[in-house]
Amino acid sequence: MITTVRQLDYGTVCGTVKALTARYRFLCAAPIGQSVQGRNLWGLTLGSGKERVLIAAAFHGQEWLTAWVCLRLCEDMCRSLHDHTPLCGWNVRRAMSGRSLVLVPMVNPDGVEIGLRDAEHRWQANANGVDLNHNFNAGWQELQQAERKKGIVGPCARQWGGASPESEPETQALVALCERGDFRHVVALHSQGEEIYWQYGEHTPRESELMAMTMAAASGYVVSSPTGLASHGGFKDWFIKQYHRPGFTMELGKGVNPLPLSDFEKIYEKAQEMLLISAFL
Ligand SMILES: [Zn+2]
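Bear in mind that the values here come from a model prediction, so they are computed numbers and not experimental data. (Residues numbered from 1 in each chain as written. Predicted model: local features only at pLDDT ≥ 70, side-chain atom pairs only at ≥ 80, totals over all residues. Heavy atoms only, no water.)

K.L.:
Just to check I follow, could you spell out the overall build of the chain for this structure?
P.N.:
Assigned secondary structure in the chain consists of nine helices and eight strands. The C-alpha radius of gyration computed for the chain amounts to 17 Å, which stays within 12% of the reference 19 Å derived for 281 residues, consistent with globular compactness. Taking the principal axes of the C-alpha coordinates as reference, the chain spans close to 55 × 40 × 35 Å. Here the chain holds 281 residues, and the buried ones make up 57% of them. Entry remark: accessible area of the chain is about 11,700 Å², with carbon and sulfur atoms responsible for 49%. (Helix = DSSP H or I, 4+ residues; strand = E, 2+ residues; numbered from the N terminus. Rg over C-alpha atoms; globule rule 2.2 N^0.38 Å. Buried < 20%, exposed > 50% of the residue type's maximum accessible area, 1.4 Å probe, protein only. Areas by Shrake-Rupley, 256 points an atom, 1.4 Å probe, with all protein chains shown as cover.)

Quick look at the structure:
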């Protein structure tokens, strides 16, 4: 297994991407952009079908475990495609026919690195102190007002939406990826709570709730509605608003961020089929 989690940092992500593409020649890896500090935002593509799905992870510094969930899923799907073996009982080759999956395991590598070096401040933002999941152009003004009420008015460890929507290179990279990707739906991986969010405003597609319920049935996760500060500015919010297509946030695992490394196998096992199905739906 390439994706046996020993270390959590950006360098290990790069090494893992390299090892995966070396073993599975059909897996394509290319940066979708760079972080504030110049780290690559890796994108991994499986398949070449026109029905495209995006799964992105580690938007928040303390949520590095979601990057490993993303990479493990990638390895499991690659192995299944390569060896013609089922995964969770699914014939991945047949299920992926006409489809492709783009995985961005670490949207916020700088934040992960800061978080690993400075556990005390519970860093979630990027290197500019902007919370990427508050920086997307969906209800950004409303979110900024809510931030101000909480006394959040500038760069900090979490929940500041930045000076303007899409001000950050990581946000811009995901927006540009969606502009060229024509994704049928997107999934953002966060932690924690074992929940699936699927709503954003009037443009939420009809099928979103049923899709969320299907994914929840595969994992035991709960289908949830947003409240408070979690309700604007996120990637899935923007995707729904922009494209009127389904977008989901999955909150992986349960506990206090950063979830411990020892939780990884348990979290992955519970979420595996849900994530697989999210690529097939
Ligand atoms: Zn998060």
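K.L.:
Looking at this model, I keep getting lost on the side chain of Ser-208. Mind explaining?
P.N.:
Relative to the assigned elements, Ser-208 resides in helix H7 (residues 207–217). Owing to a relative accessible area of 0%, Ser-208 belongs among the buried residues under this scheme. In contact with Ser-208, other than residues within four places in its own chain, are Trp-198, Pro-246 and Phe-248. (Contact = heavy atoms within 4.5 Å.)

K.L.:
Explain the sheet that holds strand S8 (residues 247–251) here, please?
P.N.:
The pairing of strands in a sheet comes from backbone hydrogen bonds and takes either a parallel or an antiparallel form. Reading across from one edge, S1-S2-S4-S3-S5-S8-S6-S7 is the order of the eight strands in this open sheet, with mixed pairing throughout. Of all the strands in the sheet, the pair left with one neighbour each is strand S1 (28–34) and strand S7 (222–224). Mean inter-strand twist for the sheet, computed between neighbouring axes without regard to direction, equals 25°. Here strand S6 (residues 195–197) pairs with S8 via three bridges, running antiparallel. Pairing of Ile-196 across the sheet is with Met-250, part of S8. Its contacts with the sheet put helix H1 (residues 10–23) on S1 and strand S2 (40–46), and the angle it makes with S2 is roughly 30°. (Pairing = 2+ DSSP bridges. Axes fitted to C-alpha atoms, helices over the stretch in contact; angles between N-to-C directions.)

K.L.:
When you look at the packing of aromatic side chains in this model, what are you seeing that I'm missing?
P.N.:
Within this structure, the stated rule accounts for nine aromatic pairs. Arranged with centres 5.3 Å apart and planes meeting at 50°, the rings of Trp-90 and Phe-280 form a pair that is tilted. Taken together, the positions of Trp-90 in the loop between helix H2 (65–83) and helix H3 (92–95) and Phe-280 in helix H9 (residues 264–280) put the pair 190 residues apart, joining distant regions of the chain. When the centroid spacing of 6.2 Å and the interplanar angle of 25° are considered together, the rings of Phe-235 and Trp-238 count as stacked. You can see Phe-235 and its partner Trp-238 sitting in helix H8 (residues 235–243), three residues apart, about one turn around the helix. Residue classification places Phe-235 among the buried positions, given a relative accessible area of 1%. The exposure class assigned to Trp-238 is buried, which follows from its relative accessible area of 2%. Of the aromatic side chains, those joined through ring pairs into one cluster are Phe-59, Phe-136, Phe-235, Trp-238, Phe-239 and Tyr-243. (Phe/Tyr/Trp six-rings, centres within 6.5 Å; stacked < 30°, edge-to-face > 60°.)

K.L.:
For this particular structure, what's the right way to read the coordination of the zinc ion?
P.N.:
A metal bound by six donors in octahedral fashion has ideal angles of 90 or 180 degrees, whereas one bound by four tetrahedral donors has an ideal angle of 109.5 degrees. The protein atoms donating to the zinc ion are His-60 (ND1), Glu-63 (OE), Glu-63 (OE) and His-190 (ND1), with metal-donor distances spanning 2.0 to 2.4 Å. Its four donor atoms give the zinc ion angles of 55 to 148° at the centre, a pattern that matches the irregular case. Each donor residue of the zinc ion lies on the same chain, and together they follow the pattern H-x2-E-x126-H. Here Glu-63 is found in the loop between strand S3 (51–57) and H2, whereas its partner His-190 is found in strand S5 (residues 183–190), with 127 residues between them in sequence. The exposure class assigned to Glu-63 is buried, which follows from its relative accessible area of 3%. (Donors = N, O, S within 2.8 Å, 3.2 Å for Na, K, Ca; no water. Tetrahedral: all angles 85-135°; square planar, octahedral: opposite > 155°, others 65-115°.)

So, to be careful, I would describe these as geometric facts and stop short of saying anything about function.
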